Amino acid sequence: MYSHIKDQDAAVYAALEGERKRQEDGIELIPSENYVSQAVLEALGSVMTNKYSEGLPGKRYYGGQEYTDAVENMAIERACKLFGAKYANVQPLSGAPANLAVYHALLAPGDTVLGMDLGHGGHLTHGHPMTIPAKLFNFVTYKMKDPDTGEIDYDEMREVARRESPKLIIAGFSAYSRELDYAKFVSIAREVGAVTMADMAHIAGLIAGGVARNPFKDGFDIITTTTHKTLRGPRGGMILVRENEELMKKINKVVFPGLQGGPHMNNIAAKAIAYGEALHPSFKVYAEQILTNAKAMEAVFAREGVRMLGGGTSNHLILADVHGSLGVGGKDAQEVLDMVGITLNKNAIADDPRPANDPSGIRFGTPAITTRGFKEEACGRVAELIIETLKNKDEEVVLDRIGREIKELARAHPLSTSFVQEK
Ligand code: DSN
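A quick note: this is a predicted structure, and the numbers were derived from the prediction, not measured.

About the criteria used
- Residues numbered from 1 in each chain as written.
- Predicted model: local features only at pLDDT ≥ 70, side-chain atom pairs only at ≥ 80, totals over all residues.
- Heavy atoms only, no water.
- Near = heavy atom within 4 Å.
- Polar contact = N/O pair within 3.5 Å; in protein donor to acceptor, adjacent residues only side chain to side chain.
- Areas by Shrake-Rupley, 256 points an atom, 1.4 Å probe, with all protein chains shown as cover.
- Phe/Tyr/Trp six-rings, centres within 6.5 Å; stacked < 30°, edge-to-face > 60°.
- Lys NZ or Arg CZ within 6 Å of the ring centre and 35° of its normal.
- Buried < 20%, exposed > 50% of the residue type's maximum accessible area, 1.4 Å probe, protein only.
- Helix = DSSP H or I, 4+ residues; strand = E, 2+ residues; numbered from the N terminus.
- Pairing = 2+ DSSP bridges.
- Axes fitted to C-alpha atoms, helices over the stretch in contact; angles between N-to-C directions.
- Contact = heavy atoms within 4.5 Å.
- Left-handed = near helix turned anticlockwise from the far one by under 90°.
- Nonpolar A, V, L, I, M, F, W, Y, C, P; charged D, E, K, R; others polar.
- Salt bridge = Lys/Arg side-chain N within 4 Å of Asp/Glu carboxyl O.

A.B. asks: So what exactly am I meant to see when it comes to the site of the ligand here?
C.D. replies: All residues adjacent to the ligand are Ser-32, His-123, Ser-174, His-202, Lys-229 and Arg-363. Within the side chain of His-123, one N or O atom sits 2.7 Å away from an oxygen atom of the ligand. Note that an oxygen atom of the ligand is positioned 2.7 Å from one of the side-chain N or O atoms of His-202. Burial of the ligand by the protein amounts to 63% of the accessible area it has alone, namely 230 Å².

This is the structure we're talking about:
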């Protein structure tokens, strides 16, 4: 692999090979990561990277757009088909610029946005004070009623909405393991005259695979997403509009020229391929297996009495209170698990008494290992090994043995060059 890089630049080659090997040898549980297919990788390394294509298909600023137009139109059509949208913009470079584009299309400085509290599972781009949107707009939040069931406090959401009159209401999260009641969001938004946006970055693949509810079915106006998480595409973002053409036109103008320059056409070609994969019947098998695998891990954590936020999971991820249950802080947990070959991330839990750089929780999920062909039995074993590692975090002999077992599990599940998921 990478033979030209090897001949030309040994230092970069060493880093690429090291990363390839790390991904192959370890068990990847960061719930926002995945392994793309060879076809997606090829598109990323294709000649499309050479081309400038500012504008939209049929309305570009530079010449020579026959093939870029074709590939972007394919990506748009496939995205709309996957998610039941009338319009799509596939140019956002990632999730944060996709969200920023929607904010700028809909809001004036000082306008109010209602989103999920970051400490209760929301995302940085939904109003963390350090972000540019938070400096421009007024973010107010809703929370879970009870972190042990994960139920959102919709009564409080309605009260906040009535009091604050948000122009935009956001559903979406990066560390929340239950389904949202989109119909309730829409009813609250209609009452106060707000537009609804679902940031479905984490669960786009589950929606595409038909195992999570599509917010458009309940009347959401806009969906934003990254394309590289459960959707298993290249790194990137996308904005979908259910049916309002004027809304899409406003958003298009912000994506370019408002926010970005030339779209990354190699990435858009890779998105088209990934959306084609997600439209294939086997993607449903993949999405179902993600959930089955997460349930297998949940069962082990429940049996071992480790507290899970939301009381467990209905999607691809689990947020576990390892400090509360096992006396290990999130930072130490992440580090010792890295040592045995399990990659996940430390994560704050709701109303975490510990600091952000060493919170109480770990967050992990099944999209990447499911791509590798892990089934529920192997996932249950990985969950047992996580807990055993944390209980023996200073026992070198135990950790060595676990590390060897992790390597064996990884070897037994090599990455396939085909994107088709086997049952
Ligand atoms: N960094 C992503 C995640 O891990 O959820 C969200 O931006």
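Next comes the rest of the description.
A.B. asks: What's the story with the packing of aromatic side chains in this structure? I'm lost.
C.D. replies: The relative placement of two aromatic rings is captured by the distance of their centres and the angle of their planes. Throughout the structure, instances matching the rule amount to 11 aromatic pairs. Aromatic ring contacts, followed pair by pair, group Tyr-142, Tyr-154, Tyr-182, Phe-185 and Phe-220 into a single cluster. Across the ring face of Tyr-286, the terminal group of Arg-232 is positioned such that the distance to the ring centre comes to 4.2 Å.

A.B. asks: I would appreciate a short explanation of the pairing of strand S11 (residues 222–226) in the present structure.
C.D. replies: In the case of a regular strand, side chains alternate between the two sheet surfaces. In terms of burial, S11 is largely enclosed, as five of its five residues are buried. Side-chain alternation along S11 places Ile-222, Thr-224 and Thr-226 on one buried face and Ile-223 and Thr-225 on a second face that is also buried. In the sheet, strand S10 (residues 195–199) pairs with S11 via three bridges, with the strands oriented parallel. Within S11, the residue paired with Met-197 across the bridge is Ile-222. In this sheet, strand S12 (residues 237–241) lies alongside S11 in antiparallel orientation, the contact comprising five bridges. Bridging across to S12, Ile-223 finds its partner in Leu-240.

A.B. asks: What exactly am I supposed to notice about the sheet that holds strand S15 (residues 345–347) here?
C.D. replies: The strands that make up a sheet pair up through hydrogen bonds in the backbone, lying either parallel or antiparallel. The three strands lie next to each other as S13-S16-S15, forming an open sheet whose pairing is antiparallel. Since the sheet does not close on itself, it has two edges, and those belong to strand S13 (317–321) and S15, each with one partner. Strand-to-strand twist of the sheet, defined as the mean angle between neighbouring strand axes without regard to direction, takes the value 35°. Across the sheet, helix H12 (residues 282–303) touches S13 and strand S16 (361–365), and the angle it forms with S13 is around 15°.

A.B. asks: Looking at this structure, how should I read the pairing of S16?
C.D. replies: Most of S16 is tucked away, with five of its five residues classed as buried. Because side chains alternate across S16, one face comprises the buried residues Gly-361, Arg-363 and Gly-365, and the other comprises Ile-362 and Phe-364, equally buried. As defined by bridge partners, S13 adjoins S16 across five bridges and the pair is classed as antiparallel. Among the inter-strand pairings, Leu-317 is bridged to a residue of S16, identified as Gly-365. Here S15 pairs with S16 via three bridges, running antiparallel. Residue pairing for S16: Asn-345 is matched across the bridge by Arg-363.

A.B. asks: Even after reading the chapter, I still don't get the sheet that holds strand S4 (residues 87–89), so can you show me in this structure?
C.D. replies: One open sheet holds the seven strands; their spatial order is S4-S12-S11-S10-S9-S5-S6, and the pairing between them is mixed. At either end of the open sheet lies a strand with only one pairing partner, and these are S4 and strand S6 (138–142). Averaged over all adjacent pairs, the angle separating strand axes in this sheet is 20°, with direction ignored. Against the sheet, helix H5 (residues 95–106) contacts S6, strand S9 (168–172), S10, S11 and S12, and its axis sits at roughly 155° relative to S11.

A.B. asks: Can you walk me through the packing of H5 against helix H10 (residues 245–259) in this structure?
C.D. replies: Running from amino to carboxyl end, H5 crosses H10 at an angle of 120°, the nearest separation of the two axes being 8 Å. The hand of the H5/H10 crossing is right-handed. Listed contacts from H10 to Pro-97, Leu-100, Ala-101, Val-102, His-104, Ala-105 and Leu-106 of H5 are Leu-247, Lys-250, Ile-251, Val-254, Val-255 and Leu-259. A class-by-class count of the residues in the contact of H5 with H10 yields 11 nonpolar, one polar and one charged.

A.B. asks: Please explain the pattern of salt bridges as it appears in this structure.
C.D. replies: Should the charged atoms of two oppositely charged side chains come close, the side chains can pair. Under the definition given, this model contains 32 salt bridges. Across the salt bridge formed by Arg-162 and Glu-191, the nearest N and O atoms sit 2.4 Å from each other. Taken together, the residues span a long stretch of sequence, with Arg-162 in helix H7 (residues 154–164) and Glu-191 in helix H8 (residues 182–192) at a distance of 29 residues. In this structure, Glu-288 engages Lys-284 in a salt bridge whose closest nitrogen and oxygen atoms are separated by 3.7 Å. Of this pair, Glu-288 and Lys-284 both sit in helix H12, separated by four residues, roughly a single helical turn. A residue is classified by how much of its surface remains accessible, and Glu-288, at 34% relative accessible area, is partly exposed. Salt bridges sharing partners connect three or more residues here, namely Arg-303, Glu-304, Arg-381, Glu-384, Lys-391 and Glu-405.

These values are about where atoms sit, not about what they do.
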